[in-house]
Amino acid sequence: MSVVFSVRSDPGGARLEHWQEEVFRTFVPLRITLPEDEPFSGRISTDRLGPLQATTVDCDRGRVDRTPGLIARDSAEFVYVGLQRSGLAQVEQDGRSAELSPDEVALYDTTRPYTLRFPHRFRMQVLLVPRALLPQSEGELHRVTATALHQGDGLGRVILPFLRGLADRAPDLAATAGDALAAHAVDLVGALLAERLGRDAQDTPGGGPALLLRIKEFIDRHLADPDLSLASIAREHRISVRYVHKLFENESTTAARWIQRRRLDACRGELSRRSPVPPTVAAVARRWGFTDAAHFSRAFRAAYGTSPSEWRAGRRG
C-alpha cells in the first residue's frame, strides 16, 4: 500500500514547510529551493519493496541540495536510482553533471554532496537502494554517479524497463512478491553498474591492460580453488563476465582456456619434480583445481602431447 503526501500552496504559503518535512522523511535531509513568486503543488507516493523503497515525486520546478552539513547531520548510506518519467532534470555529483530527459536514469549517492535541478514540472521515480547491498566499492560508485544511462545503452535495454515496471507496479505488489522482485532489482542494478565500470575501464587509456594484469595475478593466486570461474573473477573485479571475455580477446585465447593452461603448467611443474614419495597424478590434478581426473588427463595430453604419467616417467628417467 502506498503512503501518499500531496500539497498545494500559494506563493510563500506555510504549507511548503510541510512539503519539505515530508521530503526529509521520505529521503534524507535536503535543502529545497522553490520559486518564491509562484504557486506550488507536489505529490509524493512511497512503497516498500523488501529492503528497497520506491518513491514517485511529481511536483513543480525547484532545486534540491544534499550539503556537507546535512550529510553530517544524517549520514544514511543509500544509492538513489533516479528514473526520469516526465520533464527534465539535471543531476550533479562528484564533479559531473547529467542532463536527464524522460526514460533516462542517473545514480547519486547520499554519502556525498549532490544537487538536483528541475527547470519545469517533472515526475521522477526513485529507487532507494541501501549502499551495503551493492557489490561496488565507494571508489567505483564515485566513477558512475551523475552519468546518464539510456535504455538503448548495453544492459539498459533489459534492466531499465524492468526497474520502471517495478516502480509503476509497486503499489499493487504483495509483500512476498515485492521482496522477491527487490532482490532481482538489486542484482540488476549491480550488473548495470558492473557493465558501466567495465566500459569505463575499456575506454580509459591503459585501463584495460592494467585490469587484465590484475586479473591474471588473481587467477595465479587462485588456481588451486576448484570454484575459480569467470563469474568469480568478474565479481571480484566488479566487472561483467562479458568484459572479462573482452579483455582476453587480444591474448589469442579465451579466459577459460587461460585458466586451464595455467593449471596445466602448474601440474606439469609439480610432476617434473623428483620426490622420494611422489603424489599420485590424481592428487596433483586435484591440488591445482581439476576435479575430474579423466578430463585432466585429456587436457594434459592435448597441451603437451603426452599423458601426465608418461610425462612424469620421462622426467624421472
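Described below are features of the structure shown in this document. (Residues numbered from 1 in each chain as written. Predicted model: local features only at pLDDT ≥ 70, side-chain atom pairs only at ≥ 80, totals over all residues. Heavy atoms only, no water.)

Looking now at the packing of aromatic side chains. In total, this model carries 12 aromatic pairs according to the counting rule given. Summarising the aromatic geometry, the rings of Phe290 and Phe296 are spaced 5.0 Å apart at their centres and angled 50° between planes, so their arrangement reads as tilted. Of the two residues, Phe290 and Phe296, neither departs from the other in class, the shared state being buried. Each ring, one from Tyr304 and one from Trp311, has its centre 6.2 Å from the other, and the planes form 40°; the classification is tilted. Per residue, the accessibility class of Tyr304 equals that of Trp311, and both read buried. (Phe/Tyr/Trp six-rings, centres within 6.5 Å; stacked < 30°, edge-to-face > 60°. Buried < 20%, exposed > 50% of the residue type's maximum accessible area, 1.4 Å probe, protein only.)

Attention now moves to the sheet that holds strand 5 (residues 62-66). Strand order across the open sheet formed by five strands is 2-5-10-7-8, with antiparallel pairing between neighbours. Edge positions in the open sheet fall to strand 2 (31-33) and strand 8 (96-100), since each of these has one partner strand only. For this sheet, the mean inter-axis angle between neighbouring strands, taken without regard to orientation, is 15°. The pairing of strand 2 with strand 5 spans three bridges and is antiparallel. Considered in strand 5, the bridge of Ile32 is made with Val64. (Pairing = 2+ DSSP bridges. Helix = DSSP H or I, 4+ residues; strand = E, 2+ residues; numbered from the N terminus. Axes fitted to C-alpha atoms, helices over the stretch in contact; angles between N-to-C directions.)

Right, let's talk about the environment of Ile71 for a bit. Here Ile71 lies in helix 2 (residues 68-73). For the pair Ile71 and Leu116, spaced 45 residues apart in sequence, the C-alpha to C-alpha distance is 16 Å. Residues within four places of Ile71 in sequence aside, it is in contact with Arg66, Thr110, Thr111, Arg112 and Pro113. (Contact = heavy atoms within 4.5 Å.)

Among the nonpolar cores identified, the biggest contains 32 residues, and Trp19, Phe27, Tyr80, Tyr108 and Met124 are the most heavily contacted of them. Take this core: its biggest share by element is four residues, from strand 11 (residues 122-130). Judged by nonpolar contacts, the second largest core, of 26 residues, contains Val81, Leu107, Leu149 and Leu192. (Core = buried A, V, L, I, M, F, W, Y, C linked by side-chain atoms within 4.5 Å.)

Peptide bonds are mostly trans, and most non-glycine residues show a negative phi. Here the phi dihedral of Asp94 falls at roughly 55°; this positive angle occurs in a residue that is not glycine. Residue position: Asp94 is located in the loop between strand 7 (89-93) and strand 8. Residue Ala146 is not a glycine yet carries a positive backbone phi of 55°. When you line up the elements, Ala146 lands in the loop between helix 3 (138-144) and helix 4 (156-169). With a relative accessible area of 2%, Ala146 lands in the buried category.

Right, let's get into the environment of Thr55. Structurally, Thr55 is set in strand 4 (residues 52-59). Between the C-alpha atom of Thr55 and that of Val126, which follows or precedes it by 71 residues, the distance is 5.2 Å. Those residues in contact with Thr55 that lie beyond four places of it in its chain are Thr26, Phe27, Ile44, Ser45, Thr46, Met124, Gln125, Val126 and Leu128. Side-chain polar atoms of Thr55 contact the side chain of Thr46, separated by 3.1 Å. (Polar contact = N/O pair within 3.5 Å; in protein donor to acceptor, adjacent residues only side chain to side chain.)

For the rest of this paragraph, the subject is the pairing of strand 10 (residues 114-118). Extensive coverage of strand 10 is indicated by the burial of four of its five residues. Pairing between strand 5 and strand 10: five bridges, direction antiparallel. Within the sheet, the bridge partner assigned to Asp65 lies in strand 10 and is Thr115. With four bridges connecting them, strand 7 and strand 10 associate as antiparallel partners. Paired with Gln93 across the two strands is Tyr114, which belongs to strand 10.

What follows concerns the pattern of salt bridges. Under the definition given, this model contains 18 salt bridges. Among the salt bridges present, the one from Asp60 reaches Arg121, with a minimum N-O distance of 2.8 Å. A residue pair is termed long-range when its members are at least 10 positions apart, and Asp60 in the loop between strand 4 and strand 5 and Arg121 in the loop between strand 10 and strand 11 qualify at 61 residues. Between Asp265 and Arg268 there is a salt bridge whose closest N-O contact spans 4.0 Å. Of this pair, Asp265 and Arg268 both sit in helix 9 (residues 255-272), three residues apart, which is roughly one turn of that helix. Through salt bridges with shared partners, one network takes in Asp220, Arg261, Arg262, Asp265 and Arg268. (Salt bridge = Lys/Arg side-chain N within 4 Å of Asp/Glu carboxyl O.)

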